[in-house]
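The residues making up each chain are set out below.
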Amino acid sequence: APRVIAPGAVWLPGFLDEAGQSWIIRQYAQWRSGPVPAHATTIRGHPMSVTTIGLGWHWRPGRYDREARDVNNERVLPFPDWMTRLGRQVIDAAAEAVAADPDSPASAPAAWGLDPGAYEPDVALVNYYDESAKMGMHQDKDEHDPAPVVSLSLGDTCTFRFGNTETKNRPYEDIRLASGDAFVFGGPARFAFHGVTRIHPDTAPSYARLDDLGGGRINITMRATGRD
Ligand code: MD3
Ligand code: FE
């Protein structure tokens, strides 16, 4: 069942069915054969262990751009219409869960941006984690639009660390995100620190194993950049 983790943060375990998970994993093989950074992105001189593909925009540390020369001389891939529809379905399910949650105020769905008709994501960051990849605690502040972030997990389970808006340190909650889980981060959760502390190798269900990549995890986050 869906769970409100904190104000604005809604976890939807098993949102995608088996067929939906397998289908998105097949799409990834096509994205991966297109423009992907040749080497890991660096942040303050340190290589990131995660490989990121942008749909709609390229993400670079601190900004979004569409300049081909930044990423292997390739054009950015289009943001697919099916992804907008899927994002709206996640927002809709989250709004329903929040409306049914006795601990969330009646104003919460609107205050947290959970309006499927208003959701217009224009970028998806598609992250691939091999079994040793991690993502350090950070805030996502490169978007100029307060729309919620929708996250989808595929492949191996990870430990996701959801923190607070003040520091990278405690208090935080460690959550295992499995293949098919969706998560929405809006309102007061939109600027919370978060990260991925570990991937749990060989935990993907058979229909969601990333065999061509030697296992690992894919995470898709949809956002509205607020840029044109
Ligand atoms: C909470 N990705 O791409 S997804 C990222 O699993 C990112 O690849 C992680 O953090 C991953 O920036 C975590 C969950 C997530 C995504 C965006 C958020 C949580 C968030 C934005 C604000 C608050
Ligand atoms: Fe993030």
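Residues numbered from 1 in each chain as written. Chains lettered and ligands numbered in written order. Predicted model: local features only at pLDDT ≥ 70, side-chain atom pairs only at ≥ 80, totals over all residues. Heavy atoms only, no water.

**Focus: the nonpolar core**
One recurring pattern in soluble globular proteins is that nonpolar side chains are buried together.
Here is step 1: The biggest cluster of nonpolar side chains holds 39 residues, and the ones touching the most others in it are Trp31, Leu55, Met83 and Ile220.
Here is step 2: Per-element tally for this core: the top contributor is helix α2 (residues 81-99), with 9 residues.
Here is step 3: Contact partners of Ile220, with chain neighbours within four places excluded, come to Ile24, Trp31, Met83, Ala124, Leu125, Val126, Val150, Ser151, Leu152 and Leu154.
Here is step 4: Among the nonpolar cores identified, the runner-up in size contains 24 residues, and Trp57, Tyr64, Phe162 and Leu177 belong to it. (Core = buried A, V, L, I, M, F, W, Y, C linked by side-chain atoms within 4.5 Å. Buried < 20%, exposed > 50% of the residue type's maximum accessible area, 1.4 Å probe, protein only. Helix = DSSP H or I, 4+ residues; strand = E, 2+ residues; numbered from the N terminus. Contact = heavy atoms within 4.5 Å.)

**Remarks on the site of ligand 1**
Here is step 1: Taken together, 18 residues lie around ligand 1, and Tyr129, Asp140, His194, Arg217 and Arg223 are the ones closest in.
Here is step 2: Arg217 places a polar side-chain atom, nitrogen or oxygen, 2.8 Å from an oxygen atom of ligand 1.
Here is step 3: A distance of 3.3 Å is found between an oxygen atom of ligand 1 and a side-chain nitrogen or oxygen belonging to Asn219.
Here is step 4: Summarising the interface, the protein chains cover 98% of the accessible area of ligand 1, which totals 490 Å² for the free molecule.
Here is step 5: When atoms are counted within 2 Å of each cavity's grid points, the one that captures over half of ligand 1 is the largest pocket.
Here is step 6: Of the residues assigned to the shell around ligand 1, the class counts are 8 nonpolar, 6 polar and 4 charged. (Near = heavy atom within 4 Å. Polar contact = N/O pair within 3.5 Å; in protein donor to acceptor, adjacent residues only side chain to side chain. Areas by Shrake-Rupley, 256 points an atom, 1.4 Å probe, with all protein chains shown as cover. 1 Å grid on protein atoms, 1.4 Å probe; cavity = no way out; pocket = protein on both sides within 12 Å on 5 of 7 lines; lining within 4 Å. Sits in = over half its atoms within 2 Å of the grid points. Nonpolar A, V, L, I, M, F, W, Y, C, P; charged D, E, K, R; others polar.)

**Points about the coordination of the iron ion (ligand 2)**
Here is step 1: Surrounding the iron ion (ligand 2) are the protein donor atoms His138 (NE2), Asp140 (OD), Asp140 (OD) and His194 (NE2), which sit 2.0 to 2.8 Å from the metal.
Here is step 2: Coordination at the iron ion (ligand 2) comes from 6 donor atoms whose angles at the metal span 49 to 174 degrees, giving a geometry best classed as irregular. (Donors = N, O, S within 2.8 Å, 3.2 Å for Na, K, Ca; no water. Tetrahedral: all angles 85-135°; square planar, octahedral: opposite > 155°, others 65-115°.)

**A short note on the sheet that holds strand β15 (residues 217-223)**
Here is step 1: Read from one edge to the other, the open sheet built from 7 strands follows the order β1-β2-β13-β10-β15-β8-β5, with strand pairing classed as antiparallel. Looking at the sheet topology across the chains shown, the edges are occupied by β1 (3-6) and β5 (51-55). Taken pair by pair, the neighbouring strands of this sheet meet at an average axis angle of 20 degrees, ignoring direction.
Here is step 2: Pairing geometry for strand β8 (residues 123-129) and β15, over 7 bridges, is antiparallel. Bridge pairing in β15 places Tyr129 opposite Arg217.
Here is step 3: Where helix α1 (residues 18-32) meets the sheet, its contacts fall on β5, β8, β10 (149-155) and β15, and the angle it forms with β5 comes to roughly 95 degrees. (Pairing = 2+ DSSP bridges. Axes fitted to C-alpha atoms, helices over the stretch in contact; angles between N-to-C directions.)

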